[in-house]
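# Survey of secondary and tertiary structure
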Amino acid sequence: MTQIIDGKELSQTVKQEIKEKVDLIKESGKRPPHLSAVLVGNNPASEAYMRNKVRSCEQVGFSSDLIRKESDITQAELLAVVKQLNEDDQVDGFIVQLPLPDHIDDEAVLLAIDPSKDVDGFHPYNFGCMAQGLDSFLPATPYGIMIMLERYGIETSGKNVVIIGRSNIVGTPMSLLLSRKGKVGNSTVTLAHSRTKNLPEITRRADILISALGKPFFVTADMVKEGVVVIDVGINRIDDLTRKSGSRLVGDVDFEKVAPKASFITPVPGGVGPMTVASLMLNTLKAYNNKYDV
Ligand code: L34
């Protein structure tokens with residue numbers, strides 16, 4: 001029997017738990033946590049993700065603001081926005097939505113963010129703390145996946161985990177989190193990427209397969225063993241003329257064919273995406289609590 005990991009429902013549960021904490025904060029007369037988000041340009045995918053983030057802030061009772069900048073903003077101007085947010089005492093955490101336009105150096109922008117407000121967990125300081133198992137903000141997508149594994153009672157200790165994709169925001173941090181000691185962790189992790197040889201042979205050994213490369217229908221049924229746990233991080237828009245919009249979202253996994261072999265599988269949409277947003281809310285609450293030493 002295949003169980004669908006319902007990220008949408010779990011994200012609502014997590015957000016409800018956050019809301020209860022925020023209600024207590026407000027009842028004690030304090031201001032709620034505040035998240036600021038910077039969006040450069042008008043990439044339609046980023047617009048959709050941002051809408052989900054702003055709506056989630058409303059659901060949990062945070063205040064938030066969306067700072068929109070034109071895609072021709074200079075790097076110096078964007079760094080000035082970051083500096084202002086670093087210095088604004090009313091802002092507990094903020095994010096600069098990626099991707100940024102080509103003329104802007106992502107690294108320089110991420111490095112400029114005060115690590116104590118870096119609720120994306122992308123700053124090398126937070127990444128380094130995470131790698132060493134020290135308290136830090138975890139990057140939202142891997143954090144969301146850790147919560148899914150925990151809440152669905154999926155055993156990770158001693159399991160073979162195969163991760164496809166080595167990005168700084170998903171694959172690489174995910175490999176560190178699952179290999180370190182912890183309630184969710186203690187896995188034997190293989191990080192596969194574009195230079196990996198004999199990928200199907202490797203993925204067939206996975207007890208837990210996490211795909212984060214961004215190619216529709218990349219993971220096929222012959223690449224997984226019976227009983228595998230599949231976490232699909234990909235979000236790809238493909239043409240679908242049967243839809244009113246003319247397109248639909250799919251992950252990296254050929255869901256129809258792979259799901260029957262899986263013990264657990266995340267759908268797209270409604271899987272990892274909503275958990276990424278819920279984890280951002282958790283990090284923002286943490287930034288607020290850290291600030292006031294709760
Ligand atoms: N700085 N940039 C920064 N932080 C992040 O954490 C992100 N990411 C990724 C892209 N750039 C970023 C996100 O927020 C990906 N991502 C993200 C966030 C939300 C969703 C997907 C990815 C999401 O809500 N997905 C919905 C469908 C959304 C739609 O309809 O397009 C889902 O059900 O999967």
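Our subject in this report is the structure included herewith.

The rules behind these values
Residues numbered from 1 in each chain as written. Predicted model: local features only at pLDDT ≥ 70, side-chain atom pairs only at ≥ 80, totals over all residues. Heavy atoms only, no water. Core = buried A, V, L, I, M, F, W, Y, C linked by side-chain atoms within 4.5 Å. Buried < 20%, exposed > 50% of the residue type's maximum accessible area, 1.4 Å probe, protein only. Contact = heavy atoms within 4.5 Å. Helix = DSSP H or I, 4+ residues; strand = E, 2+ residues; numbered from the N terminus. Pairing = 2+ DSSP bridges. Expected span 1.5 Å × (residues − 1). Arc of directions from axis to C-beta. Axes fitted to C-alpha atoms, helices over the stretch in contact; angles between N-to-C directions. Polar contact = N/O pair within 3.5 Å; in protein donor to acceptor, adjacent residues only side chain to side chain. Near = heavy atom within 4 Å. Areas by Shrake-Rupley, 256 points an atom, 1.4 Å probe, with all protein chains shown as cover.

## Overview of the nonpolar core
Core analysis: the largest hydrophobic core is formed by 48 residues, its most contacted members being Ile 210, Ile 231 and Met 281. Excluding anything up to four places from it in sequence, Ile 210 contacts Ile 145, Val 161, Val 162, Ile 163, Ile 164, Met 174, Leu 178, Ile 231 and Val 233.

## Describing the pairing of strand S9 (residues 236–239)
Burial along S9 is one-sided: the face carrying Asn 236 and Ile 238 is buried and the face carrying Arg 237 and Asp 239 is not. Relative to strand S10 (residues 247–250), S9 runs antiparallel, the two sharing four bridges. Within S10, the position partnered with Asp 239 by the bridge is Ser 247.

## Some points on helix H3 (residues 75–87)
Over its 13 residues, H3 extends 18 Å from the first C-alpha to the last, a length consistent with the 18 Å expected when each residue adds 1.5 Å. When we look at burial in H3, the residues that qualify are Leu 78, Val 81, Val 82, Leu 85 and Asn 86. Take H3 and look down its axis: the buried residues cluster within an arc of 140 degrees, on one side only. Away from its buried face, by an angle of more than 90 degrees, H3 presents the exposed residues Ala 76, Lys 83, Gln 84 and Glu 87.

## So, the sheet that holds strand S6 (residues 188–192)
Judged by pairing direction, the sheet is parallel, and its six strands sit side by side in the order S1-S11-S8-S7-S5-S6 without closing on themselves. Only two strands of the sheet have a single partner each, and these edge strands are strand S1 (3–4) and S6. With three bridges connecting them, strand S8 (residues 228–232) and strand S11 (residues 262–265) associate as parallel partners. Of the residues in S11, the one forming a bridge with Val 230 is Ile 265. On top of the sheet, helix H7 (residues 171–179) reaches strand S5 (160–164), S6 and strand S7 (208–211); it is set at about 170 degrees to S6, its chief contact.

## Notes on the side chain of Ser 175
You can see Ser 175 is positioned in helix H7. Taking the relative accessible area as the measure of exposure, Ser 175 reaches 11% and is therefore buried. Separated by 2.6 Å, the side chain of Ser 175 and the backbone oxygen of Thr 172 make a polar contact. Aside from chain neighbours lying at most four places away, what touches Ser 175 is Ile 163, Val 189 and Leu 191.

## Digging into the pairing of strand S3 (residues 63–69)
Both strand S2 (residues 34–40) and S3 contribute to a ladder of seven bridges, which runs parallel. If you follow His 34 over to S3, its bridge partner there is Ser 63.

## Observations concerning the site of the ligand
Looking at the ligand, there are 17 residues lining it, with Asn 52, Lys 53, Val 96, Asp 120 and Gly 270 nearest. Leu 98 places a main-chain nitrogen or oxygen 2.9 Å from a nitrogen atom of the ligand. Side-chain polar atom of Asp 120 to a nitrogen atom of the ligand: 2.7 Å apart, as the coordinates give it. If the ligand stood free it would expose 680 Å²; the protein chains cover 84% of that surface.

## A closer look at helix H2 (residues 44–60)
Here H2 contains 17 residues, and its C-alpha end-to-end distance of 25 Å stays within 8% of the 24 Å for a straight helix at 1.5 Å per residue. Within H2, the full set of buried residues consists of Ser 46, Glu 47, Met 50, Lys 53, Ser 56, Cys 57 and Val 60. Buried positions along H2 lie against helix H1 (7–27), S2, S3, strand S4 (93–96) and helix H10 (272–291). A side-chain oxygen of the first residue of H2 lies 2.8 Å from the backbone nitrogen of Ala 45; this N-cap is Asn 43. A positive phi of about 90 degrees marks Gly 61, the residue just after H2.

## Points about the side chain of Ser 279
By the element assignment, Ser 279 lies in helix H10. Of the polar contacts made by the side chain of Ser 279, one reaches the backbone nitrogen of Gly 144; its length is 3.1 Å.

## Quick word on the sheet that holds S2
Spatially, the three strands line up as an open sheet ordered S3-S2-S4, and their pairing is parallel. Only two strands of the sheet have a single neighbouring strand rather than two, namely S3 and S4. Neighbour-to-neighbour, the strand axes of the sheet open up by a mean angle of 15 degrees, direction not taken into account. With four bridges connecting them, S2 and S4 associate as parallel partners. Across the sheet, Ser 36 pairs through a bridge with Phe 94, a residue of S4. Contacting S2, S3 and S4, H3 crosses the sheet at an angle of about 180 degrees to S2.

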